[in-house]
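# Structure assessment
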Amino acid sequence: MKPNTASVLLKAVLIISTIAILSIVFWGVPQYMQHVVYVRPSLSVWIWPMQLYAGLLTVPVLLAITLLWRVFTTVATGEAFSMLNAIRFERIKWLAAGDLLLVLILAAFLILSGVIPAFILLCLLAAIYIGVVAVIVFHVLGALVRNAAQIKQENELTI
């Protein structure tokens, strides 16, 4: 596969992911909160806090997508194995860890408050799993890209 084609395909995934995430935050969460209030009107005070929390959870994800866009741009130019991309992967790892922490805080809050229906529990477990996987994957990718960039730099110095 040509590097340019790979870059375009990877960026397409980022665009689709961004649309999906924004749809969840700006349509899915408000719809779900309306349902929650319909079933339990006493929880209406939580509509805005939960929608704001969903927005807060989205910030690290969108920042990671922005960094990945930059990484994927370097794929097309043949500069994917660079120290800058290693740093980007490291930052993405920390963004994923921060988002994972936010999900864990939300899970703890919901468990302690006794408001955790099966659907929300399943979503939280999925988010925790994805967060752990993301931290591990971006940690490993950062190390691999860093090693490749160092080898590349040593070879350029040798020549």
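Residues numbered from 1 in each chain as written. Predicted model: local features only at pLDDT ≥ 70, side-chain atom pairs only at ≥ 80, totals over all residues. Heavy atoms only, no water.

In terms of helices and strands, the protein carries 4 helices and 0 strands. Mapped from its N terminus to its C terminus, the protein presents α and β elements in the order α-α-α-α. Whereas a compact globule of 159 residues would reach a radius of gyration of roughly 15 Å, the protein reaches 19 Å, over 25% beyond that. In terms of its C-alpha atoms, the protein occupies a principal-axis envelope of roughly 70 × 30 × 20 Å. Expressed as a percentage of its 159 residues, the buried residues of the protein come to 30%. Summarising the internal contacts of the protein: among those between residues at least 6 apart in sequence, 76% fall at separations of at least 24. (Helix = DSSP H or I, 4+ residues; strand = E, 2+ residues; numbered from the N terminus. Rg over C-alpha atoms; globule rule 2.2 N^0.38 Å. Buried < 20%, exposed > 50% of the residue type's maximum accessible area, 1.4 Å probe, protein only. Contact = heavy atoms within 4.5 Å.)

Here we take up the confidence of the model for the protein. The predicted model of the protein averages 92 in pLDDT, with 98% of residues at 70 or higher. No element of the protein has a lower mean pLDDT than helix H4 (residues 118–158), at 91, and none a higher one than helix H3 (residues 83–113), at 95. (pLDDT = per-residue confidence, 0-100.)

Tallied over the entire structure, the rule returns 3 aromatic pairs. Measuring from centroid to centroid gives 5.6 Å for Tyr32 and Phe119, while their planes differ by 40 degrees, and the two rings are tilted. Here Tyr32 is found in helix H1 (residues 3–39), whereas its partner Phe119 is found in helix H4, with 87 residues between them in sequence. Note on Tyr32: relative accessible area 25%, which makes it partly exposed. Ring plane angle 55 degrees and centroid distance 5.2 Å describe the contact between Trp46 and Phe109, whose orientation is recorded as tilted. With Trp46 in the loop between H1 and helix H2 (47–77) and Phe109 in helix H3, this pair connects stretches of sequence that are 63 residues apart. (Phe/Tyr/Trp six-rings, centres within 6.5 Å; stacked < 30°, edge-to-face > 60°.)

A few words on the nonpolar core. Within the largest apolar cluster, 14 residues are counted, with the highest numbers of intra-cluster contacts made by Leu14, Leu68, Phe72, Phe89, Ile92 and Phe138. Met50, Tyr53, Ala54 and Leu57 belong to the second largest nonpolar core, which has 13 residues in total. (Core = buried A, V, L, I, M, F, W, Y, C linked by side-chain atoms within 4.5 Å.)

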